Amino acid sequence: MNDLVRHKGQRAQLVKALIAKGISDVPVLKAIGKVPRHLFLDSSFEEHAYLDKAFPIASGQTISHPYTVAFQSSLLQVQARHKVLEIGTGSGYQAAVLVEMGAKLYSIERQSELFQLTKNLMDKLGYPFVMKYGDGFAGLPGFAPFDRIIVTAGAPDIPPKLVEQLAPNGRMVIPVGVGDQCMKLITKDAEGTIRVEEHGNFRFVPMLEAKSR
Ligand code: SAH
């Protein structure tokens with residue numbers, strides 16, 4: 001598990017490229033500058049790990065573009081010690097960025113093979129967060145409420161159980177739609193009133209209903 005000077009240089013270039021694309025959130029840029037994305041990908045993609053590209057990972061899923069990770073993380077406004085729920089652990093890269101930002105993270109993955117692979121990798125890389133195999137539509141009621149919720153698969157609509165599990169003054173970032181998705185920011189104020197804002201179009205793998213093992 002090598003993180004070489006060469007990789008650090010490539011990461012610095014990626015951070016510059018994200019700034020050029022409009023990302024300005026300093027804690028997000030710092031976290032992306034630290035997480036060794038090449039270790040979250042199949043080694044055959046290593047040379048391209050710091051380009052702003054999505055790549056295939058196990059179980060027919062994809063690791064999101066760094067721009068998408070940066071955009072969602074910026075909208076989320078994570079602060080240190082926030083309790084954060086991620087739906088769609090995938091490669092673990094977005095999770096590692098949030099942990100690097102100080103989140104107390106819980107993440108759910110629905111593909112068992114990918115769950116196991118990523119769990120082993122996170123143990124090796126030493127990113128501390130709680131990983132659950134399960135259905136993101138249900139959230140994690142036993143650990144709720146969450147200050148922040150981030151969904152990293154395209155949801156058919158806004159899952160009501162996730163809105164329920166959002167704390168007062170909480171924020172949820174979720175791509176909604178079939179095919180293309182509209183990035184939605186859902187906020188819950190201190191009285192529990194929900195507001196929804198739209199933040200442009202993206203393309204994610206679909207958020208799928210629960211399946212049996
Ligand atoms: N955050 C990931 C992105 C992975 S792609 C990363 O940084 O690599 C989206 C992931 O959502 C896939 O791994 C997919 O298996 C998972 N997913 C799809 N539907 C889900 C559901 N209902 N619950 C939990 N995870 C789900």
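The structure we're discussing is the one just above.
In short, a report on the structure. (Residues numbered from 1 in each chain as written. Predicted model: local features only at pLDDT ≥ 70, side-chain atom pairs only at ≥ 80, totals over all residues. Heavy atoms only, no water.)

What follows concerns the side chain of serine 107. Among the secondary structure elements, serine 107 is positioned in strand β4 (residues 104-109). A relative accessible area of 0% places serine 107 in the buried class. A polar atom in the side chain of serine 107 sits 2.8 Å from the side chain of threonine 89. Filtering out sequence-adjacent residues up to four positions away, serine 107 remains in contact with Glu86, Thr89, Phe129, Val130, Met131 and Lys132. (Helix = DSSP H or I, 4+ residues; strand = E, 2+ residues; numbered from the N terminus. Buried < 20%, exposed > 50% of the residue type's maximum accessible area, 1.4 Å probe, protein only. Polar contact = N/O pair within 3.5 Å; in protein donor to acceptor, adjacent residues only side chain to side chain. Contact = heavy atoms within 4.5 Å.)

We now examine the pairing of strand β8 (residues 181-188). Within β8, seven of the eight residues are buried, which leaves the element mostly enclosed by the surrounding structure. Joining the antiparallel neighbours strand β7 (residues 166-176) and β8 is a turn of four residues, in which glycine 177 adopts a positive phi near 145°. Sheet analysis places β8 next to strand β9 (residues 194-202), joined by seven bridges and oriented antiparallel. Residue pairing in the sheet places leucine 185 in a bridge with glutamate 197 of β9. The antiparallel pairing of β8 with β9 creates a hairpin that spans five residues between the two strands, and glycine 192 there sits at a positive phi of about 95°. (Pairing = 2+ DSSP bridges.)

On to the site of the ligand. Taken together, 27 residues surround the ligand, and among them Gly88, Ser91, Glu109, Gly136 and Leu208 come closest. In the environment of the ligand, a nitrogen atom lies 3.0 Å from a nitrogen or oxygen atom belonging to the backbone of glycine 88. Contact between the ligand and glutamine 94: an oxygen atom at 3.1 Å from a main-chain N or O atom of the residue. Here the ligand loses 99% of its free accessible area of 570 Å² to cover by the protein chains. Those elements giving two or more residues to the shell around the ligand turn out to be β2 (62-63), β3 (83-87), α4 (93-100) and β4. Class assignment of the residues belonging to the shell around the ligand gives a composition of 11 nonpolar, 12 polar and four charged. (Near = heavy atom within 4 Å. Areas by Shrake-Rupley, 256 points an atom, 1.4 Å probe, with all protein chains shown as cover. Nonpolar A, V, L, I, M, F, W, Y, C, P; charged D, E, K, R; others polar.)

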